[in-house]
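Structural characterization, general
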Amino acid sequence: MKVGYPQALLYYKYFPLWERFLGGLGAEVVLSGATTKNTVSMGTIAAESELCLPVKVFYGHLLELKDKVDTIFVPRFVSVEKKSYTCPKFLGLPDMIRSINDELPPLITPKIDLDKGWREYFRTIHELGSNFSSSKRKIFSAYRAGVLALRDYHNQLQAGSTPIEFLEKKKYRKVKKTGLKIGLAGHPYNIYDTYTSMNLIKRLREMGAEVETAEMLDDNIIKREAARLPKKLFWTYEKEVVGTVFHWAHTHSVDGIIYVLSFACGPDSLIQVILEHELRSDTALPMMSLVVDEHSGEAGLITRVEAFVDMLQRKKMAQLC
Amino acid sequence: MGDHIKEDAFLGIDVGSVSTNLAVINVKGEVLAYIYRRTQGQPIKAVQQGLKELESELPGDISILGVGTTGSARYLSGVVVGADIVKNEITAHAVAAGHVAPEVRTVLEIGGQDSKIILLKDGIVVDFAMNSVCAAGTGSFLDHQSARLGIPIEEFGDYALKADEGAQIAGRCSVFAESDMIHKQQVGYGLEEIIYGLCQALVRNYLNNLAKGKDLLGPLVFQGGVAANSGMKRAFEAALNTEVIIPKYYNVMGAIGAALLAHESMMFEERKTNFKGFAAADFNYKTSSFSCGCCENNCEIIKIKVDDKVLARWGGRCGKWELDQANRRRDTSGVSSSV
C-alpha cells in the first residue's frame, strides 16, 4: 500500500519514527517533496483564508500527494506529554481537511494523546498497525525500530546537523566562519521549510554565521528554562520555543536571536510578547522577529537579515577594537 | 592640471522607491557634494542623471576611490555604477547617523515607502525595526495627500506649524486615514488642523508599529525624506516630549552611509575600485526578465545588459543564474542540490 506523507508541519519532528514504523509493516511511504511555490499556491486556494501559513502549506502537500497514493497519513496530535497540548490546529487537522473541495484518498488519522497515558497510546499504535498487519508482534517490533530511528535522528540533530541535512540529505556549502553565532527560534515547520523560511539557514551560513536551533539543544535544558515562566504554557511546542530563547537569553551562548513566526499563528502571537518582554533590557541579547506569510517578499526578509547580521558583526568588531 | 593633487573621495548611492540620492565624501567623512532627486520609477535613469548632476557639482579635482550602493535598488544600481560594496539601507542609515552625531541613541527614519527605527549605543547599532508590508505613514502617503489637497508637499510643514491643535485622524491605515480626513474636511475643520492632525496620526502609527516595547533615549535624530516636513518634527516632539534633531543632510543620509561603508571596506581590503566612472551615465543599460521554468518555483529572473553584454542576473531562489557569484559556485549544471 502506498502511504502518502505530507512533508510539512510535524514531519520535521517525527518523520523517522513513522517512516520506519509504516515501512516495517510493508507500506511504501511516499513523501510529497519539498515545498514549492506551487505547493503554497495550491494550499492557499484550498484553505480558509484565516488559517496560518504552515497549515496552508500542509494543504498544498496533501493536494500534491492525492493522486499518487492509496492513503495519506494525517495523525491527530492532541498531546505529546502529560498536561500539555499541541496547537488547536493540530488537534483538529483531520477535521479541517474535510473542507477541501478536491477529493482526497482515504486518510489514516491515529489520535496521539499522551495525556491519556501510555496504555492508551500503545492501543492507538496497535490499531494503526492493524491497517497493515494482523501480527501484534510484527507491529510492535516495527514500532520499536521506529523509536530507534527517531532516537538516532535526535542524536544527529544534537550533534549539530539540521533536519534539512538529515531528512533531505542536503549538504550546506562550507563557508568562511566569522565567529558569529545566531540562535534561530521558531517552529520547525517554519525554520526548516526552505520555502517558508526563504532559505534562512542557508543565507545565514553564507553570511558566515553559525546557526543554532532548539533541536541542537538538550531537552532538559529547554524544559528547565521554560519552567521559569510564572505560569505554565498550555502548548508543548511553544514551550520549546520559549525554553530555547530563555536559555540563550540566560547564557548568552549566541550573539543574537532571530525568531521566525507565521502571521496568523495564535500561539506564536502570544509567546512573541513573552520573548520580547524577557529580552527587553538594555543588556539583553538582540532579538529580531521575522513574520512570514504567503505574501512575504524575499527582499524585505533579506534586508532585515543582512542588517541584523551586520549589526551583530559591527558590535563584535567594536568590542575587539 | 597635471601637477594638481587629486583629493581622495568616496561615492555613496541610495536608490529608494521614491528618491535617488548620491553623496560624495572625502576621507574625513565631510560631504563634498550631494544630489537628491526623484526615482520616478526608473532607477537606472535616475542613477545616471544623478551621476551627471553630481559630476557638474563636484569641486575641482577629485578621484573616487570607492563606491557603495544601498536602498531597495542597491543591486541594480551597484551593477550600473560598479559598486565596491552593496549594503542594506538599515546599516547605511545607522552608519551615517553614528558618523554625523556619535552620541545619537535613537534614529527615526521615514522614507518614501519604508520607515525604520535604529537604536545606537556608542555609535554601534544595538536594535532596529523596520515597517512590514504596510506603507501607511510613509512619504508616499503624504505625497498622495498633498496631491489630493492641492498643496505642494514642500508647504505641508508650514501649514502644520500654523495649527494650534491637530484634528483627530486615524493613522492606522492610510485608507482609513484618508476617509477620516475627508470627513473632517466636510464637517468644517481648517486645512492647517487637518494637516497637523495627519502628521500626529503618522507619528502615532510609527511609534506604535516600530517603537513598541523600546526605550527611546535621546539624543534623537529624525532623518529621511519625510524629515523635510516640519509638521512631522513638531508632532514627534509633542509625542515624545523631547527635542528631535534633524541633521543637515537628513535626506541623503543613506547615500552618506553607503559612502562611509565604501570608505571603510576599501580601507580594510586594499583593492582598486570597480567604479565605472561618471561615464557610466552615458552607457546604454537594458533590463529584461524571464521565468526560469526549471523547477516548480518558476522564479522570475532579472537580466541587466549593457549593449549586448550581460552584466548581471538575479531573482532566482537557487542562485544558478547569478553571474557575479560564478567564482563562488562552480557547478552550474541544473538545479543545485544544496539548500
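All residue numbers refer to positions counted from 1 along the written sequence of the respective chain. Here every chain gets a letter starting at A, and every ligand a number starting at 1, in the order they are written. Local features in this predicted model are restricted to residues of pLDDT 70 or higher, and side-chain atom pairs are both shown and tallied only at a pLDDT of 80 or more, whereas totals for entire chains, interfaces and linings draw on every residue. The basis for every side-chain value is the complete set of heavy atoms in the structure, and neither hydrogens nor water enter the calculation.

For chain A, the helix and strand inventory stands at 14 helices and ten strands. Over its C-alpha atoms chain A spans a radius of gyration of 20 Å, differing by no more than 12% from the 20 Å that the globule rule assigns to 321 residues. Here the C-alpha coordinates of chain A stretch approximately 70 × 40 × 35 Å along the principal axes. Pairs of residues are marked as contacts when any of their non-hydrogen atoms sit within 4.5 Å. Considering only contacts within chain A whose residues lie at least 6 apart along the sequence, 74% involve residues at least 24 apart. A 1.4 Å probe and the Shrake-Rupley method give the accessible areas. Residues count as covered only by the protein chains that appear here. Per element, the accessible surface of chain A, about 14,300 Å² overall, is 53% carbon and sulfur. The distance from the centre of the 43 positive side-chain charges to the centre of the 38 negative ones in chain A is 5 Å. Starting at the N terminus, helices and strands are each numbered in turn, a helix being any DSSP run of H or I of at least four residues and a strand any DSSP run of E of at least two. Radius of gyration means the value over C-alpha atoms here, while the globule rule gives 2.2 Å times the residue count to the 0.38 power. Positive: Lys, Arg. Negative: Asp, Glu. His and the chain ends are not part of the count. We put the charge of a Lys on NZ, of an Arg on CZ, of an Asp on CG and of a Glu on CD.

All names here are of chain A. Relative to the helices and strands, Lys13 is located in helix H1 (residues 11-24). A distance of 2.9 Å separates a polar atom in the side chain of Lys13 from a polar atom in the side chain of Glu240. In this structure, Lys13 is in contact with Leu150, Tyr153, His154, Pro188, Glu215, Tyr237 and Glu240, ignoring residues within four places of it in sequence. By the criterion applied in these results, polar contacts are pairs of N or O atoms within 3.5 Å in which, for protein atoms, one can donate a hydrogen and the other can accept it, and in which residues neighboring in sequence qualify only through two side-chain atoms.

Residue placement: Arg74(B) occurs in helix H2 (residues 74-81). Filtering out sequence-adjacent residues up to four positions away, Arg74(B) remains in contact with Ile302(A), Thr303(A), Glu306(A), Thr69(B), Val86(B), Lys87(B), Asn88(B) and Glu89(B).

Residues and elements named next belong to chain B. You can see Cys318 is positioned in the segment after strand E13 (309-314). Buried residues are those whose accessible area, probed at 1.4 Å on protein chains only, stays under 20% of the maximum for their type, while exposed residues exceed 50% and partly exposed ones sit between those limits. Here Cys318 falls in the partly exposed class, since its relative accessible area comes to 26%. Distance in space between the C-alpha atoms of Cys318 and Lys212 is 36 Å, their sequence separation being 106 residues.

A word on the environment of Lys56(A). Residues and elements named next belong to chain A. Mapping Lys56 onto the fold places it in helix H3 (residues 53-65). Along the chain, Lys56 and Pro88 lie 32 residues apart, while their C-alpha atoms are 15 Å from each other. Every residue in contact with Lys56, bar those within four places of it in the chain, is listed here: Gly43, Thr44, Ala47, Glu48, Ser49, Leu51 and Glu294.

Counting from both sides, the interface comprises 33 residues of chain B and, opposite them, 31 residues of chain A. Of the roughly 2,900 Å² buried between chain B and chain A, counting both surfaces, carbon and sulfur atoms make up 46%. A salt bridge links Lys87(B) to Asp310(A); its shortest N-O distance comes to 2.8 Å. On inspection of chain B and its partner chain A, the count reaches nine residue pairs in polar contact (both at pLDDT 80 or more). Elements that contribute at least two residues to the side of chain B that touches chain A include exactly H2, helix H3 (89-100), strand E8 (124-130) and helix H9 (253-268) of chain B. Here the side of chain B that touches chain A takes six residues from E8(B), the largest share from any one element. Looking at the side of chain B that touches chain A residue by residue, the classes come out as eleven nonpolar, nine polar and 13 charged. Computed with a 1.4 Å rolling probe, the buried area is the accessible surface lost when two parts are put together, summed over both parts. A pair is scored as a salt bridge if a Lys or Arg side-chain nitrogen falls within 4 Å of a carboxyl oxygen belonging to Asp or Glu. Gly counts as polar in this scheme, as do all residues outside two lists: the nonpolar Ala, Val, Leu, Ile, Met, Phe, Trp, Tyr, Cys and Pro, and the charged Asp, Glu, Lys and Arg.

A few words on the sheet that holds strand E10 (residues 287-292) of chain A. Residue and element names in this part refer to chain A. For two strands to pair, DSSP has to find at least two bridges joining them. Strand order across the open sheet formed by four strands is E8-E7-E9-E10, with parallel pairing between neighbours. The two strands at the open ends of the sheet, each matched to only one other strand, are strand E8 (209-213) and E10. This sheet shows a mean twist of 25° between the axes of neighbouring strands, independent of strand direction. To get an axis, a line is fitted to the C-alpha atoms, and for a helix only the part in contact is used. The angle between two axes follows their N-to-C directions and goes from 0 to 180 degrees. Against the sheet, helix H12 (residues 236-251) touches strand E7 (180-186), E8, strand E9 (256-262) and E10, its axis set at about 155° to E7.

Bringing the side chain of Ser32(A) into the picture now. Residue and element names in this part refer to chain A. Positionally, Ser32 belongs in the loop between strand E2 (28-31) and helix H2 (37-46). Ser32 sits in the buried class, given a relative accessible area of 11%. In terms of polar contacts, Ser32 uses its side chain to reach the backbone amide nitrogen of Gln7, at 2.8 Å. The residues contacting Ser32, other than those within four sequence positions of it, are Tyr5, Pro6, Gln7, His61, Glu64 and Leu65.

A word on empty space enclosed by the protein. All names here are of chain A. Buried and open spaces are told apart on a 1 Å grid over the protein atoms alone, a cavity being a set of points where a 1.4 Å probe fits but cannot get out and a pocket being an open set with protein on both sides within 12 Å along at least five of seven lines. Residues with an atom within 4 Å of a point are the lining residues. Grid points are joined across faces, edges and corners, and a volume is the space filled by probe spheres set on the points. On inspection of all chains with the given rule, the structure shows seven cavities of 30 Å³ or more. Of the volumes computed, that of the largest cavity is approximately 140 Å³. Top contributing element to the lining of the largest cavity by residue count: H1, with three residues. Per-class residue counts for the lining of the largest cavity are 14 nonpolar, no polar and no charged.

Left-over empty space is what a probe sized like a water molecule reveals as it rolls over the atoms. All names here are of chain A. Of the pockets and cavities examined, the second largest pocket occupies roughly 1,100 Å³. What lines the second largest pocket is a set of 37 residues, among which Lys13, Tyr14, His154, Asp219 and Glu240 lie closest to the centre. Ranked by residue count, the leading element in the lining of the second largest pocket is helix H7 (residues 136-158), at nine residues. The residue inventory of the lining of the second largest pocket, partitioned by class, reads 23 nonpolar, four polar and ten charged.

Attention now moves to the nonpolar core. As used in this record, nonpolar core signifies buried Ala, Val, Leu, Ile, Met, Phe, Trp, Tyr and Cys residues forming a set joined through side-chain atoms within 4.5 Å. Judged by nonpolar contacts, the single largest core of 96 residues is most densely connected at Trp18(A), Phe21(A), Ile97(A), Ile258(A) and Phe128(B). If we skip the residues at most four places from it in the chain, Ile258(A) touches Ile182(A), Gly183(A), Leu184(A), Ala185(A), Leu200(A), Leu204(A), Met288(A), Leu290(A) and Phe308(A). Counting 35 residues, the second largest nonpolar core, distinct from the first, contains Leu119(B), Tyr196(B), Val203(B) and Leu220(B).

Another point: the sheet that holds strand E1 (residues 7-15) of chain B. Residues and elements named next belong to chain B. Reading across the sheet, the five strands line up as E3-E2-E1-E4-E5 and stay open at both edges, with mixed pairing between neighbours. Across the chains shown, the open sheet's two edge strands, defined by having one partner strand only, are strand E3 (31-38) and strand E5 (85-86). Pairing of E1 with strand E2 (residues 19-26), which is carried by seven bridges, proceeds in the antiparallel orientation. Among the inter-strand pairings, Phe10 is bridged to a residue of E2, identified as Ile25. Along the sheet, helix H1 (residues 43-57) makes contact with E1, E2 and E3, crossing E3 at roughly 145°.

Now for the domain arrangement of chain A. Residue and element names in this part refer to chain A. Under the domain assignment used here, chain A contains domain 1 (2-158) and domain 2 (163-320). A straight line from the C-alpha centre of domain 1 to that of domain 2 covers 26 Å. Every contact between the two is made by 36 residues of domain 1 and, on the other side, 31 residues of domain 2. Across the domain 1 to domain 2 interface the summed buried area is about 2,800 Å²; carbon plus sulfur atoms make up 60%. An automatic or database domain assignment supplies the start and end points of every domain.

Here the focus is the pattern of salt bridges. Considering all chains together, one arrives at 26 salt bridges over all chains under this definition. For the salt bridge of Lys116(A) with Asp113(A), the shortest nitrogen-to-oxygen distance reads 3.1 Å. Owing to a relative accessible area of 9%, Asp113(A) belongs among the buried residues under this scheme. A salt bridge links Glu53(B) to Arg37(B); the shortest N-O distance between them is 3.1 Å. With Glu53(B) in helix H1 and Arg37(B) in strand E3, this pair connects stretches of sequence that are 16 residues apart. The structure contains a network of salt bridges with shared partners spanning Lys13(A), Glu215(A) and Glu240(A).

Attention shifts here to H3(A). For a helix, the expected span equals 1.5 Å multiplied by the number of residues minus one. Compared with the 18 Å implied by 1.5 Å per residue over 13 residues, the 19 Å span of H3(A) between its first and last C-alpha is a close match. When you tally the buried positions in H3(A), you get 13 out of 13 residues, the bulk of the element.

Moving on, we get to the pairing of E7(A). Residues and elements named next belong to chain A. Taken across its seven residues, E7 has six buried, putting it largely inside the fold. Bridge analysis of E7 against E8 gives five bridges, and the strand direction is parallel. Paired with Ile182 across the strands is Val211, a residue of E8. In this sheet, E9 lies alongside E7 in parallel orientation, the contact comprising five bridges. What sits directly across from Gly186, in E9, is Val260.

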